[in-house]
Amino acid sequence: MIALPLSEIEPLGRVQARPWAKEITGLKIDSRLVEEGDLFVAVGESGADFIPHAFARGADAVLEPDDAHAALAAIAGAVRRRSSAKVVAITGSTGKTTTKDILAALCRSQRSTIASEANFNNELGVPLTLGRIEPDTEICIAEMGMRGPGQIDWLARFTEPDVALITNVGPVHLEFLGSVENVAKAKAELLAHVRPRGVAVVPDDPLLDPYLTRTDIEIRRFGRSTRDGRFQVGGRTITLQTSFTAPHQFDNLLAALIVCDALGVEIRDGRLDVDFSPLREEEHELAHGVLLLNDSYNANPVSMRAALENAAGRAAGRRVFAVLGTMAELGTDSVRYHREIGEHVAQFGVGQLIAVGEAARDYDTGAVPTTWFPTAAEAAEAIPDMVEPHDVVLVKGSRSVGLEAVAAKLRGE
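So, how was this worked out
Residues numbered from 1 in each chain as written. Predicted model: local features only at pLDDT ≥ 70, side-chain atom pairs only at ≥ 80, totals over all residues. Heavy atoms only, no water. Helix = DSSP H or I, 4+ residues; strand = E, 2+ residues; numbered from the N terminus. Rg over C-alpha atoms; globule rule 2.2 N^0.38 Å. Buried < 20%, exposed > 50% of the residue type's maximum accessible area, 1.4 Å probe, protein only. Contact = heavy atoms within 4.5 Å. Areas by Shrake-Rupley, 256 points an atom, 1.4 Å probe, with all protein chains shown as cover. Lys, Arg positive; Asp, Glu negative; His and termini not counted. Charge placed at Lys NZ, Arg CZ, Asp CG, Glu CD. Core = buried A, V, L, I, M, F, W, Y, C linked by side-chain atoms within 4.5 Å. Phe/Tyr/Trp six-rings, centres within 6.5 Å; stacked < 30°, edge-to-face > 60°. Lys NZ or Arg CZ within 6 Å of the ring centre and 35° of its normal. Pairing = 2+ DSSP bridges. Axes fitted to C-alpha atoms, helices over the stretch in contact; angles between N-to-C directions. Parallel < 35°, antiparallel > 145°, perpendicular 65-115°, else oblique. Expected span 1.5 Å × (residues − 1). Polar contact = N/O pair within 3.5 Å; in protein donor to acceptor, adjacent residues only side chain to side chain.

1. Brief notes about the overall build of the chain
Then, in step 1: The helix and strand inventory of the chain stands at 13 helices and 21 strands.
Then, in step 2: On C-alpha atoms alone, the chain measures out to a radius of gyration of 23 Å, which is about the 22 Å that the 2.2 N^0.38 rule sets for 413 residues.
Then, in step 3: Taking the principal axes of the C-alpha coordinates as reference, the chain spans close to 70 × 55 × 40 Å.
Then, in step 4: Each of the 413 residues in the chain was classed as buried or not, and the buried ones make up 55%.
Then, in step 5: At a minimum sequence separation of 6, the contacts of the chain that also span at least 24 residues come to 65%.
Then, in step 6: About 17400 Å² of surface is accessible on the chain, with carbon and sulfur atoms providing 47% of the total.
Then, in step 7: Here the chain contributes 42 positively and 58 negatively charged side chains, and the mean placements of these two sets differ by 4 Å.

The structure is reproduced here in structure tokens:
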């Protein structure tokens, strides 16, 4: 981390420091990760209990903040203002993390790049990402998530992105936001905080049009990719072979390539290998020719349809065995969205459907043989005996369902 003087930390709460410490060179909220020179911020009611451990690990100072989120934002903002790195902020209804992974893979081949770990995308995770910026960092990629209005605004205020990317707008968090129009409004909060002469990369979605009013930044729009490995970016064609095959990821790759062009990162024709964050786009070859597609980290109507389309393509005539969990936070439209996915299940040729979670009952339209389980644990016990040789098994549901247990059981873990 770019060094910060302790004098900037002291107004944020109660500071304890080693006698020789004048500055801090790292930011941690988990005492197990503390290294020499770090500031440990004691977050939560029990955070102070780990102060002795943080010092034992080599922390130069600890902070018991008056307001943890405000303190982390202030520290992250101070680091960001001292850095010459180009900061990219990514939000969207789906594909935030995988697009971040793709963009990081593209940038790291040419520039000193850091990116959000896993899905560190909230009031704790975004400051921790900015807190990893070093003096020689050239690009910082920060993923931003939200569940309600004002949250993206909060994160973007101290992130001050040079480039903002909205991957898409769709029916997520409707329990809190009420409508897809409000989702677009919440995502567009990011655009207000792009630095002057910066770039906003946004999808061709009319719901965002009311928020594309700034004249001191450049607006670049994108649509669906051709999905054939060829991408039109900056007036030229880029041809890439990729380690992934899911059609929707080529749309995310197109968006990432446009960001690279905005950053001045030149991408040449060739091969792109991406290590996606855990529980996303995982493919595992199992015994008896079974292919497991583990995309169990989260789900909403848009990503669920994309996952079914990918499974159908990967099956190439084999049986698709779909394990689909509840899609959470859909509010009063939950039944409708689950039934729509149930119709897609039949359209994409699923031969056996396993529905997990109360709301997942509504996937059953009668068109596909369906078995319902109330919990992931119960499904995990039964499913291995139901899978047939050469099946393509898709596992996907909202985080609250915990379908990673099913994937782990299938893998013998």
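2. Points about unusual backbone geometry
Then, in step 1: Positive phi outside glycine occurs at arginine 197, with the angle close to 70 degrees.
Then, in step 2: Within the element layout of this structure, arginine 197 appears in the loop between helix 8 (180-187) and strand 11 (199-203).
Then, in step 3: With phi around 50 degrees, alanine 316 is a residue other than glycine that occupies positive phi space.
Then, in step 4: Inspection of the secondary structure assignment puts alanine 316 in the loop between helix 10 (301-315) and strand 18 (320-325).

3. A short note on the nonpolar core
Then, in step 1: Within the largest apolar cluster, 77 residues are counted, with the highest numbers of intra-cluster contacts made by Leu39, Ile75, Leu308, Leu324 and Tyr363.
Then, in step 2: In this structure, leucine 308 is in contact with Leu324, Ile341, His344, Val345, Phe348, Val350 and Leu394, ignoring residues within four places of it in sequence.
Then, in step 3: The next biggest cluster of nonpolar side chains, apart from the first, holds 35 residues, and it includes Ala104, Cys107, Ile141 and Val259.

4. Looking at the packing of aromatic side chains
Then, in step 1: With the rule as written, the count across this model stands at three aromatic pairs.
Then, in step 2: Ring geometry for phenylalanine 244 and phenylalanine 250: centres 5.5 Å apart, planes at 55 degrees, overall tilted.
Then, in step 3: Judged by relative accessible area, which is 6%, phenylalanine 244 ranks as buried.
Then, in step 4: On the accessibility criterion, phenylalanine 250 (10% relative accessible area) is buried.
Then, in step 5: Through a chain of ring-to-ring contacts, three or more aromatic side chains come together here, namely Phe231, Phe244, Phe250 and Phe276.
Then, in step 6: Over the aromatic face of tyrosine 297 sits the side chain of arginine 280, whose NZ or CZ is 3.8 Å from the ring centroid.

5. Considerations on the sheet that holds strand 9 (residues 139-143)
Then, in step 1: Read from one edge of the open sheet, six strands run 8-9-7-10-11-12, paired in parallel fashion. Lying at the two open borders of the sheet, with one neighbouring strand each, are strand 8 (113-115) and strand 12 (218-222). Strand-to-strand twist across the sheet, computed as the mean angle between neighbouring axes with direction ignored, equals 15 degrees.
Then, in step 2: Across five bridges, the pairing between strand 11 and strand 12 is parallel. The residue of strand 12 that forms the bridge with alanine 200 is isoleucine 219.

6. A closer look at the packing of helix 10 against helix 11 (residues 334-347)
Then, in step 1: Viewed as axis vectors pointing N to C, helix 10 and helix 11 meet at an angle of 10 degrees, and their least axial separation amounts to 10 Å. The angle between helix 10 and helix 11 places the two elements in the roughly parallel class. Residue-level inspection shows Pro301, Met304, Arg305 and Leu308 of helix 10 in contact with helix 11, the latter providing Tyr337, Ile341, His344, Val345 and Gln347.

7. Focus on helix 4 (residues 96-108)
Then, in step 1: Helix length check: helix 4, at 13 residues, gives a terminal C-alpha distance of 18 Å against a target of 18 Å (1.5 Å per residue), a fit within 8%.
Then, in step 2: With 11 of its 13 residues buried, helix 4 lies for the most part within the structure.
Then, in step 3: Regarding helix 4, the residues found buried are Lys96, Thr97, Thr98, Thr99, Lys100, Asp101, Ile102, Leu103, Ala104, Leu106 and Cys107.

8. Re the sheet that holds strand 15 (residues 270-272)
Then, in step 1: Taken in spatial order, the three strands line up as 13-14-15 in an open sheet, and their pairing is mixed. This sheet does not close on itself; its edge strands, each paired only once, are strand 13 (230-233) and strand 15. With strand direction ignored, the average angle separating the axes of adjacent strands in the sheet is 45 degrees.
Then, in step 2: Sheet topology places strand 13 next to strand 14 (residues 236-242); four bridges connect them, and they run antiparallel. Paired with glutamine 232 across the strands is threonine 237, a residue of strand 14.

9. So, the environment of glycine 289
Then, in step 1: Along the chain, the position of glycine 289 falls in the loop between strand 16 (282-285) and strand 17 (291-294).
Then, in step 2: Distance in space between the C-alpha atoms of glycine 289 and alanine 78 is 53 Å, their sequence separation being 211 residues.
Then, in step 3: Ignoring anything within four residues of it in the chain, the contact list for glycine 289 reads Arg318, His390 and Asp391.

10. Concerning the side chain of histidine 284
Then, in step 1: Inspection of the secondary structure puts histidine 284 in strand 16.
Then, in step 2: Side chain to side chain, histidine 284 and glutamate 282 meet in a polar contact 2.9 Å long.
Then, in step 3: Every residue in contact with histidine 284, bar those within four places of it in the chain, is listed here: Val290, Leu291, Leu292, Asn294 and Arg411.

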